[in-house]
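# Structural characterization, general
Listed here are the chains, written in short residue letters.
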Amino acid sequence: MPLLQVLNLSVRFGDAVAVGRISFSIAAGETLGLVGESGSGKSVTSLAIMRLLPSGAVTGGSIRFKGTELLSLPEKVMRPYRGRELAMIFQEPMTALNPVMAVGEQVAEAVRAHWPGLGRAEVRERVLAALDEVALPSAAKRYGEYPHQFSGGQRQRILIAMAVVNKPALLIADEPTTALDVTVQAQILLLLRRLREKHGLAMLFISHDLAVTAQVADRVAVMQGGCVIEENRTAELFRAPQHPYTQSLLMAVPTMRTDRTRPLATLQ
Ligand SMILES: Nc1ncnc2c1ncn2[C@@H]1O[C@H](COP(=O)(O)OP(=O)(O)O)[C@@H](O)[C@H]1O
Ligand SMILES: [Mg+2]
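Presented here is an overview of the structure given in this document. (Residues numbered from 1 in each chain as written. Chains lettered and ligands numbered in written order. Predicted model: local features only at pLDDT ≥ 70, side-chain atom pairs only at ≥ 80, totals over all residues. Heavy atoms only, no water.)

To continue, consider the overall build of the protein. Secondary structure assignment for the protein yields eleven helices and ten strands. Here the C-alpha atoms of the protein give a radius of gyration of 19 Å, agreeing with the 18 Å that 2.2 N^0.38 yields for 268 residues. On the principal axes, the C-alpha backbone points of the protein span a range of 55 × 50 × 35 Å. When the 268 residues of the protein are sorted by exposure, 47% land in the buried category. A sequence separation of at least 24 residues applies to 64% of the contacts in the protein between residues at least 6 apart. Surface summary for the protein: the accessible area is close to 12900 Å², and the carbon and sulfur share equals 53%. Positive and negative side-chain charges in the protein, numbering 29 and 24 respectively, have mean positions lying 3 Å apart. (Helix = DSSP H or I, 4+ residues; strand = E, 2+ residues; numbered from the N terminus. Rg over C-alpha atoms; globule rule 2.2 N^0.38 Å. Buried < 20%, exposed > 50% of the residue type's maximum accessible area, 1.4 Å probe, protein only. Contact = heavy atoms within 4.5 Å. Areas by Shrake-Rupley, 256 points an atom, 1.4 Å probe, with all protein chains shown as cover. Lys, Arg positive; Asp, Glu negative; His and termini not counted. Charge placed at Lys NZ, Arg CZ, Asp CG, Glu CD.)

Encoded structure:
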């Protein structure tokens, strides 16, 4: 049984179809990349899995996690999954963090939300272990500092710590490196790969950038206009892309053989 099985998922906002009957699955420990241009339905798909869509959204189809149908779960039963079994990190670490709360306390809140009975020392120990895991420098010393006192890359590390502190089975990363510069982006990708190897973490890695996705994903699903138009193992997708849209995405990926004197093909 796959860890996550999405079958004919559709999401509508009124008459507008944001996602139209898409299917994919993720095995335990596996990373699936979801790639597509802006507006293709990637974030809506991830929010549907987390059951965080706004109330106007109408969903259809099925999302099974460890065999449990998430779409029909009452909110009260869904809540323990969110942030515990299923965790999510977003593109913009500054808006995802609370600006007036110490970062250590924010990670601690994620722990207490699921283990309300834990003592202060035990919570702090788990927080520091998570901050250590994401290689935040001087974590114990900086526990009480605020988000603005950290760099963009460090803030993304703190968000990743918050996501993995409860040891989830599936991490959804929605454009986790898009807001970061290229060097920091490479460090965060390396961190995600390490966490995955160490904990057997499964990942849904979302990006508009196929080259970035190929660095972490075992398989890639390509979305366009709310549909998955192609899916394959990463190496196969690069070797033999079937759909013209996938081919155009690949043309935009620089390779050793790319003629850098010519302008890059654009995506849209
Ligand atoms: N809350 C919403 N209300 C109405 N339409 C929405 C809402 N959120 C997203 N959409 C629409 O759904 C489509 C997919 O959006 P999204 O999943 O955010 O794209 P992506 O993440 O691939 O850039 C877009 O057309 C977007 O305008
Ligand atoms: Mg998005």
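Ring pairs (aromatic) are described by centroid distance and by the angle formed between their planes. Taken as a whole and judged by the stated rule, the model has one aromatic pair. With a centroid separation of 6.0 Å and an interplanar angle of 80 degrees, the aromatic rings of F65 and Y81 are classed as edge-to-face. One end of the pair, F65, is in strand β4 (residues 57-65); the other, Y81, is in the loop between α2 (75-78) and β6 (86-89), and 16 residues separate them in sequence. Across the pair, Y81 and F65 agree in class, each one buried. The ring of Y143 carries R124 above its face, with NZ or CZ at 4.4 Å from the centroid. Its end group placed over the ring of W115, R126 keeps NZ or CZ at 4.9 Å from the ring centre. (Phe/Tyr/Trp six-rings, centres within 6.5 Å; stacked < 30°, edge-to-face > 60°. Lys NZ or Arg CZ within 6 Å of the ring centre and 35° of its normal.)

Counted residue by residue, helix α1 (residues 42-50) has seven buried out of nine residues, so it is predominantly covered. Among the residues of α1, those classed as buried are K42, V44, T45, S46, A48, I49 and M50. In the segment just after α1, R51 is the residue with positive phi, at about 55 degrees.

Here we come to the environment of M251. Along the chain, the position of M251 falls in helix α11 (residues 244-251). Considering only alpha carbons, one finds M251 and L7, 244 residues apart in sequence, at a separation of 30 Å.

Counted residue by residue, strand β9 (residues 219-224) has five buried out of six residues, so it is predominantly covered. Inspection of the sheet shows strand β3 (residues 31-35) paired to β9 by four bridges, in the parallel sense. Bridge assignment links L32 to a residue of β9, and that residue is R219. The pairing of β9 with strand β10 (residues 227-233) spans six bridges and is antiparallel. Across the sheet, the residue bridging to V220 is N232, located in β10. In textbook terms, the turn of a hairpin is the stretch between consecutive antiparallel strands, and for β9 and β10 this stretch comprises two residues, one of which, G225, has a positive phi near 50 degrees. (Pairing = 2+ DSSP bridges.)

On to the nonpolar core. V127, L131, I158, I160, L192 and F205 are the most contacted members of the largest nonpolar core, which has 39 residues in total. Of all the elements, helix α7 (residues 152-164) adds the most residues to this core, at seven residues. Residues I63, M78, I206 and A221 belong to the second largest nonpolar core, which totals 35 residues. (Core = buried A, V, L, I, M, F, W, Y, C linked by side-chain atoms within 4.5 Å.)

Mapping N166 onto the fold places it in the loop between α7 and β7 (170-174). One polar contact links the side chain of N166 to the main-chain carbonyl oxygen of A110, over a distance of 3.0 Å. Residues contacting N166, with those up to four places away along its chain left out, are G83, R84, A110, V111, H114 and W115. (Polar contact = N/O pair within 3.5 Å; in protein donor to acceptor, adjacent residues only side chain to side chain.)

Limitation: the analysis is restricted to geometry and does not speak to function.
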